[in-house]
Amino acid sequence: MINENSNIILSVQNLRANVDGTEILKGINLEVKAGEVHAIMGLNGSGKSTFSKVLAGHPDYEVTGGEIVFKGQDISELEPHERATAGIFLAFQYPLAIPGVSNRDFLRVAFNAHRKARDEEELDVFDFDDLIEEKLDVVKMDAAFLDRSVNEGFSGGEKKRNEILQMALLEPTLAILDETDSGLDIDALKTVAGGVNQLTNPNNAVVMITHYQRLLNYIVPDFVHVVADGRIITTGGKELAERLEAEGYEDILAEHTVAA
Amino acid sequence: MAIQVSNSEVAAKPTPQEQRQAYLNGLLATVQAAVSATLPLTDLREPAAAIAQEHGFPDSRQENWRFTNLNAMLSIPFRASTNLADVDAEALAGVIAPEALIQLVFVNGQFSAELSNLDALPQGLVAGSLVTLQGDLQEKLGARLGKSAGHGVFTALNTAGFQDASVVWVSRNCAVEAPVQIVNWSVSPDGATMSQPRCLVVAEAGSALTLVEDFTGAAESHFTNSVTEIWVDDNAEVNHVRLQREGSDTFHIGKTAVTQGRDSRYTCMPITLGAQLSRHNLEITQTGPQTETTLQGLSAIAGHQLADTHSVVALNHPHGIVNQQHKCIVDDHAHTVFNGKMWVPRAAQQTDASQLNRNLLLSNKGRVDTKPELDIVADNVKCAHGATVSQLDANEVFYLQSRGISAEQAQQLLIYGFAMEIIDAIPIVSIRETLTQVINAWTR
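Below is a short write-up of the structure.

### Comments concerning the packing of helix α3 (residues 103–117) of chain A against helix α5 (residues 156–170) of chain A
Residue and element names in this part refer to chain A.
For step 1, the next point in the chain: The geometry of α3 relative to α5 is characterised by a closest axis approach of 10 Å and an angle of 35° between their N-to-C directions. For the pair α3 and α5, the crossing hand works out as right-handed. Contacts from N103, L107, A110, F111 and H114 in α3 reach N162, Q166, L169 and L170 in α5.
For step 2, the next point in the chain: Tallied by class, residues from the contact of α3 with α5 come to five nonpolar, four polar and no charged.

What follows is the structure, given as structure tokens:
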């Protein structure tokens, strides 16, 4: 929902980043206000996933220029866990399995890390169990998932639902969904999208990274940005995504590459 | 003239091999001197001493000892003691598993009736020390004790001079509900001490037993040389937790020799945390068809520790099952060795065997040697093996960090997860909790 008077949550200015000495991001500019839903679209290799990892602070990426201001604070120097507790959440394209650690323990440790960062008392096992059972409804997950090892042996859809469960629990100000729709059948997609829609409110924001327009039928964006070669080359409303779906990337890339 | 000088030099300076032989003779002399003349089964002693001498003290040029060098022992004149040493009661209380039905406590291989707890002995279970159990059982014992321990210099050394033995005997079709715990406490009150815990477990046909064998103590400069023989008769089941958490100045060499009858099930969970140098020889012989063996071990070591696990599973009948997983956590300058043999001769058709050794290297100064050895002759079998050595996965650490968990806590959680796969399978809550604490305290 666009509201001109909302607070700016994220302001990215001329962001440049390298991986292994190769420049991937070549000057990204993006402003996200509270209540907004943004979609970032682009072909494979355009830099859209790199952008999400740079925002979350992945150590493999080196920021070489520009700034990332989150809720008024430059977070470029913050550790990944500090960004997380500040309110940035990255839903992974490929969530990792952590054998031997139960989902329940993992979620509790993560939740309590957030509480600790806010100088709040940690929840004990029993209070936490009550809380997490409540959150399971958001993604229609069975409680049995809590006692399995994190993402181990989970299907693609279960992994993505588990990501949204974490989002429901941690209540981030900015949720970045990296290809959350990839590999999902239509029922799983509806469940995941339904979960995200329940969690959005006027005080938080969502940035979706996606290759396809399909997800945007279920989570409707206020802005659509097209990324190519490490830059946002054009921005529009949801009709831009529809045009991409109908025509493919070629024409739009050609138009804006010529313009540049 | 020149020849004479050379001769006198040779006489003055023994060769390394002569040194090792002299050292072994010293060990044999001290353990033999410590044996009480009243102990039964004296006929085992002399042949064992001869076998020990035949083998000689190991040297790292022998394949079996390639990665585990015992030379550091050669300068320490370990001596067996016949005095029952004092034990810090509070420290001992810390290792007692409250779930256990009974506790047999041995101090330096000698039975302590005072520290043991045998009040709750149920019908069908005989437990005690060889010294106190003489009489009725003697004949039955004679057919089992020392009959399946296998070979090797240290096994023979133990047989030549063990001072007493723990005996756990479960009669036919008796299921012992609660675990039986054997605590082997090592102390060195009067300088470098050697102890030789010996254990005989017999689970007669159709019986069931959970056994906790604990090697622990606060010893300074100690050598523990243990042998445990376990008989799992037809259709019997034994779950065996073997904890080695000895003091940091201890050399620990332990043998677990298991003989399994047809349709029997044996599970061993060897957990190695202690000692400066340890070697666990785990030898399983399946003597009948449809026999199941599960080996789920964990070695977690740091500093300059070395932990060596050598397992041999010999199948010789159809439909045998072996599931083996051994995990190692290696920190600092520590060094783990894993050697897993499986023999699948022609008779062992329809064998279903798997072996996996996974190593988590936490420092770039640590060392891992791993060697699977599968010898398969039978042609209709399923045998899988694998070995991995890895460090903490940076992507897994980042995933946890992205949920607000600090890098340090993320690493701890990953180490915990690696270990818990083994620890969670231990059927005794108090031991699981103790080990979980040990692993949680593992900070990077």
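Next comes the rest of the write-up.
### Section: the sheet that holds strand β1 (residues 8–19) of chain A
Residues and elements named next belong to chain A.
For step 1, the next point in the chain: Here four strands make up an open sheet; going across it, the order is β2-β1-β4-β5 and the pairing antiparallel. Each edge of the open sheet carries a strand with a single partner, namely β2 (22–33) and β5 (73–74).
For step 2, the next point in the chain: Pairing between β1 and β2: nine bridges, direction antiparallel. Paired with I8 across the two strands is K33, which belongs to β2.

### Observations concerning the sheet that holds strand β11 (residues 237–245) of chain B
Residues and elements named next belong to chain B.
For step 1, the next point in the chain: Taken together, ten strands build an open sheet; the order of strands is β3-β2-β6-β9-β11-β13-β15-β17-β19-β21 and the sheet is mixed. Single-partner strands in this sheet number two, and they are β3 (110–111) and β21 (382–390).
For step 2, the next point in the chain: Contacting β15 (292–301), β17 (321–330) and β19 (352–361), helix α8 (residues 407–423) crosses the sheet at an angle of about 150° to β15.

### Side note on the nonpolar core
For step 1, the next point in the chain: Ranked by internal contacts, the top residues of the largest apolar core, which has 192 residues, are F89, L174 and I176 of chain A together with V201 and A419 of chain B.
For step 2, the next point in the chain: Among the elements that make up this core, the one with the highest residue count is α8 of chain B (nine residues).
For step 3, the next point in the chain: Residue-level mapping places this core at the junction of two domains, with at least three residues from each of domain 1 (2–287) and domain 2 (396–444) of chain B.

### Description of the interface of chain B and chain A
For step 1, the next point in the chain: Counting from both sides, the interface comprises 17 residues of chain B and, opposite them, 22 residues of chain A.
For step 2, the next point in the chain: Contributing elements (two or more residues each) for the side of chain B that touches chain A: α7 (394–401) and α8 of chain B.
For step 3, the next point in the chain: The greatest single-element share of the side of chain B that touches chain A, amounting to seven residues, is contributed by α8 of chain B.
For step 4, the next point in the chain: For the side of chain B that touches chain A, a count of residues per class yields eight nonpolar, six polar and three charged.

### A word on unusual backbone geometry
For step 1, the next point in the chain: In this model, K140 of chain A sits at a positive phi of 50°, which is unusual for a non-glycine residue.
For step 2, the next point in the chain: Note that K140 of chain A resides in the loop between α4 (125–136) and β8 (149–150).
For step 3, the next point in the chain: Although it is not a glycine, Q350 of chain B sits at a positive phi angle of roughly 65°.
For step 4, the next point in the chain: Tracing the backbone through its elements, the reader meets Q350 of chain B in the loop between β18 (335–344) and β19.

### Re α3 of chain A
For step 1, the next point in the chain: Along its 15 residues, α3 of chain A runs 21 Å from first to last C-alpha, staying within 8% of the 21 Å computed at 1.5 Å per residue.
For step 2, the next point in the chain: For α3 of chain A, the set of buried residues is N103, D105, F106, L107, R108, V109, A110, F111, A113 and H114 of chain A.
For step 3, the next point in the chain: The elements touched by buried residues of α3 of chain A are α2 (80–86), β7 (98–102), α4, β8 and α5 of chain A together with α8 of chain B.
For step 4, the next point in the chain: Of the residues trailing α3 of chain A, D119 of chain A is marked for its positive phi of about 60°.

Rules behind the numbers
- Residues numbered from 1 in each chain as written.
- Chains lettered and ligands numbered in written order.
- Predicted model: local features only at pLDDT ≥ 70, side-chain atom pairs only at ≥ 80, totals over all residues.
- Axes fitted to C-alpha atoms, helices over the stretch in contact; angles between N-to-C directions.
- Helix = DSSP H or I, 4+ residues; strand = E, 2+ residues; numbered from the N terminus.
- Left-handed = near helix turned anticlockwise from the far one by under 90°.
- Contact = placed C-beta atoms within 7 Å.
- Nonpolar A, V, L, I, M, F, W, Y, C, P; charged D, E, K, R; others polar.
- Pairing = 2+ DSSP bridges.
- Core = buried A, V, L, I, M, F, W, Y, C linked by C-beta atoms within 7 Å.
- Buried ≥ 20, exposed ≤ 12 C-beta atoms within 10 Å, placed from the backbone.
- Domains from an automatic or database assignment.
- Expected span 1.5 Å × (residues − 1).

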